[in-house]
Amino acid sequence: MSTTAIAEALQIDQVRADFPLLSREMRGHPLVFLDSAASSQKPRVVLETIDHYYRYQHANVHRGVYTLSQEATEAYETARAKVRRFLNAAHNREIIFVRGATEGINLVSSSFGRKYLKEGDEVLITAMEHHSNIVPWQMACEQSGAVLKVVPVNERGELQMDDFEQLLSERTKIVAVVHVSNTLGTINPVEEIIARAHKLDIPVLVDGSQAAPHLQVDVQALDADFYVFSGHKVFGPTGIGVLYGKEKWLHALPPYQGGGEMIETVTFEKTTYNELPHKFEAGTPNMAGAIGLGAALDYVERLGQAAIGRHEDELLAYATGLLEAIEGLRIIGTAERKASVISFLVEGTHPYDVGTLLDKQGIAVRTGHHCTQPLMDRYGIPGTIRASFALYNDRSDIDRFVAGLERALRMLR
Ligand code: C6P
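Predicted model, so just to flag it, every value in this text is computed and none were measured.

Draft legend 1. Structural view of the domain arrangement of the chain. Each assigned domain of the chain is listed here: domain 1 (3-39 + 304-407) and domain 2 (48-301). Put simply, the middle of domain 1 and the middle of domain 2, counted by C-alpha atoms, are 28 Å apart. The interface is formed by 38 residues belonging to domain 1 together with 33 residues belonging to domain 2. Both sides together, the interface formed by domain 1 and domain 2 hides about 3000 Å², and carbon and sulfur atoms give 50% of it. Sorting the residues of domain 1 by area buried against domain 2 places Gln305, Arg337 and Leu375 first, and these three jointly supply 21% of that buried surface. On the surface where domain 1 and domain 2 come into contact, there are three salt bridges. Taken together, the links from domain 1 to domain 2 amount to 29 residue pairs in polar contact (both at pLDDT 80 or more). Elements with a contribution of two residues or more to the side of domain 1 that touches domain 2: helix H12 (305-324), strand E13 (329-332), strand E14 (341-346) and helix H14 (373-379). Sorting elements by how many residues they give to the side of domain 1 that touches domain 2 places H14 first, with six residues. A breakdown of the residues in the side of domain 1 that touches domain 2 according to their chemical character gives 18 nonpolar, 12 polar and eight charged.

Draft legend 2. Layout of the site of the ligand. Close contacts around the ligand come from 17 residues, with Thr102, Asp207, Ser230, His232 and Arg366 the closest. Separating an oxygen atom of the ligand from a side-chain N or O atom of threonine 102 is a distance of 2.5 Å. A distance of 2.8 Å separates an oxygen atom of the ligand from a polar side-chain atom of arginine 386. If the ligand stood free it would expose 510 Å²; the protein chains cover 87% of that surface. A molecule is said to occupy a pocket when more than half its atoms come within 2 Å of that pocket's grid points, and by this definition the ligand occupies the largest pocket. By residue class, the composition of the shell around the ligand is five nonpolar, eight polar and four charged. Looking at the shell around the ligand, you find at least three residues from each of domain 1 (3-39 + 304-407) and domain 2 (48-301).

Draft legend 3. Looking closely at the environment of valine 65. With respect to the element layout, valine 65 can be found in the loop between helix H3 (44-57) and helix H4 (67-87). Judged by its relative accessible area of 78%, valine 65 falls in the exposed class. Distance from valine 65 to leucine 168, taken between C-alpha atoms, is 51 Å for residues 103 residues apart in sequence.

Analysis parameters
Residues numbered from 1 in each chain as written. Predicted model: local features only at pLDDT ≥ 70, side-chain atom pairs only at ≥ 80, totals over all residues. Heavy atoms only, no water. Domains from an automatic or database assignment. Contact = heavy atoms within 4.5 Å. Buried area = accessible area lost by both parts, 1.4 Å probe. Salt bridge = Lys/Arg side-chain N within 4 Å of Asp/Glu carboxyl O. Polar contact = N/O pair within 3.5 Å; in protein donor to acceptor, adjacent residues only side chain to side chain. Helix = DSSP H or I, 4+ residues; strand = E, 2+ residues; numbered from the N terminus. Nonpolar A, V, L, I, M, F, W, Y, C, P; charged D, E, K, R; others polar. Near = heavy atom within 4 Å. Areas by Shrake-Rupley, 256 points an atom, 1.4 Å probe, with all protein chains shown as cover. 1 Å grid on protein atoms, 1.4 Å probe; cavity = no way out; pocket = protein on both sides within 12 Å on 5 of 7 lines; lining within 4 Å. Sits in = over half its atoms within 2 Å of the grid points. Buried < 20%, exposed > 50% of the residue type's maximum accessible area, 1.4 Å probe, protein only.

Quick look at the structure:
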């Protein structure tokens, strides 16, 4: 299919018009937003759904016998069903609403760590994890005496699968791996990782923060034990995210937080816990967030994940070609399979200076270590400039970005 046909398949002008913020001016220029990996913009339908919820549907959920509370409960549980469909999970009760990917990982590391980790055990992660998939496991290891092991990354930014195989052993109690790297864009072979871990009966948590906005995720096909993502990266609101857990694991793990909603009965002597998913949702949940996320997932499904993927692949190839032609520019992360993230450095310049000069031209990119400091150490660099694309970006964004970058480099070199 030609480039134009792909863009038409997504009706990119209509898509852009769905996102009010994209029509903003920034420092006297039309905004070019290339930081969706940090957080994506929101389509009108998400904003309107949240507004409608607070105006007409709000009451606490799972508590009232009155009609309004029942309506709010139905809207909240419908959102859970939408997440189930989005991930192709087997049951709604396998979907836990959390604050974001970070909280989802903390929930698993804490509950799993308390029950299953002991001295001498190992937790296996990779060198390209976000801090959110490193620090919680370090904390669980510190508390239990387990040891953190790390699968190395090759120069292209791919996991060294031979090392992965060697690091897996009967001491490994859990594997935690990012699906798509937020810094390198690498799409990891999570299906293969899970299959190999399962041969030794080791469960796998997948950090899907950067995969959910770009790839069609099927937790059953992957056979993932746990899968997390954040709503704000998939065009939904902030403060809401998802932990998918296989039912058998969610039954086996102890609760993460105690409080209202997660209990069945409470006496001062003993508490019994609520059924799934409520056992892991202590306190009044983020109803507006969940309902807004449901609207965002509907929006993504309406556009079609396959069309989104094709469009972003095309943008990635186009941008990579233009950047590679710039003298002294080095792309960090050149994996065979990549999603729409490009990290790079330019000889003789500091990422912060480049980022600042781009901002002056209305172009938003992220600079720094992207919460992956150990990965920066692996490459021996302090940080990168990162441009990331979403379904609402088009070739004109890339053209403005590259022209802006060339202008910034003329000023700096
Ligand atoms: N990465 C980025 O600019 P939270 O903050 O919980 O919504 O997501 C954390 C997280 C976990 N894993 C990966 C792979 C991520 O990319 C992120 C968030 C942002 O790359 C902010 S640091």
